[in-house]
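Structural description and commentary
In case you want the letters, here they are:
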Amino acid sequence: MVFAVSEGKLLAVQKPTYQAPTALKISDDLSQDYSAIYRQQPSVRTVVDFLARNVAQLSLHTFRRLDDSDRARVTDHPFAQMMRTPNPYTTGYRLIFSLIADRGIYDRALWVKVWQDGRSMLVRIPPRLWTIKDDDNWLAPTEFVVKGNRGKTTLSA
């Protein structure tokens, strides 16, 4: 494993101008959105769904560190409970499935932590609805812009 200390020098480097594409340019006259490719190409859908299903079926466990070489599984911690039932309409399996599928199709994914009825919940924001707000810190985004049919809102990281 390699470690490097930048002492903040990387933040001073100019931000890359490259933005992840949302469509594949097939020719000068034809481009296709990644979600359309996923819907229309059975091979792409097979691979993405296979990966998402198999990762989502793995059990996510929460642990408490006892010492440097030992840990204990925790099932009653709020994080463990939130990952089992992220929100009233999504299961933990479905949340992980959508995370892997979003990464496989769009190469990005976003969950938002929200408070409802005195409990924290995780909600998936579909990749087509959000962008990273342009700012100087290109290493770690600080804000995301979510656009919907009633306008847009900015969420801090």
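Calculation rules
Residues numbered from 1 in each chain as written. Predicted model: local features only at pLDDT ≥ 70, side-chain atom pairs only at ≥ 80, totals over all residues. Heavy atoms only, no water. Helix = DSSP H or I, 4+ residues; strand = E, 2+ residues; numbered from the N terminus. Expected span 1.5 Å × (residues − 1). Buried < 20%, exposed > 50% of the residue type's maximum accessible area, 1.4 Å probe, protein only. Contact = heavy atoms within 4.5 Å. Polar contact = N/O pair within 3.5 Å; in protein donor to acceptor, adjacent residues only side chain to side chain. pLDDT = per-residue confidence, 0-100.

Moving on, we get to helix H5 (residues 92-106). For H5, with 15 residues, the first-to-last C-alpha span of 21 Å sits near the 21 Å given by 1.5 Å per residue. Along H5, the positions that sit buried rather than exposed are Gly92, Leu95, Ile96, Phe97, Ser98, Ile100, Ala101, Asp102, Ile105 and Tyr106. Structurally, H5 contributes buried residues whose contacts are with strand E2 (31-33), helix H2 (34-40), helix H3 (42-56), helix H4 (78-84), strand E5 (110-116) and strand E6 (119-125). At the C-terminal side of H5, Asp107 shows a positive phi close to 65°.

So, on to the side chain of Asn87. Along the polypeptide, Asn87 turns up in the loop between H4 and H5. In terms of polar contacts, Asn87 uses its side chain to reach the backbone amide nitrogen of Thr90, at 2.8 Å. A polar side-chain atom of Asn87 sits 2.6 Å from the main-chain carbonyl oxygen of Leu122. Setting aside anything within four residues of it in sequence, one finds Asn87 in contact with Arg119, Met121, Leu122 and Val123.

This part is about the confidence of the model for the protein. For the protein, the average pLDDT comes to 84, and 85% of its residues sit at 70 or higher. Element-level mean pLDDT values for the protein span from 51 in helix H1 (residues 9-12) up to 96 in H3.

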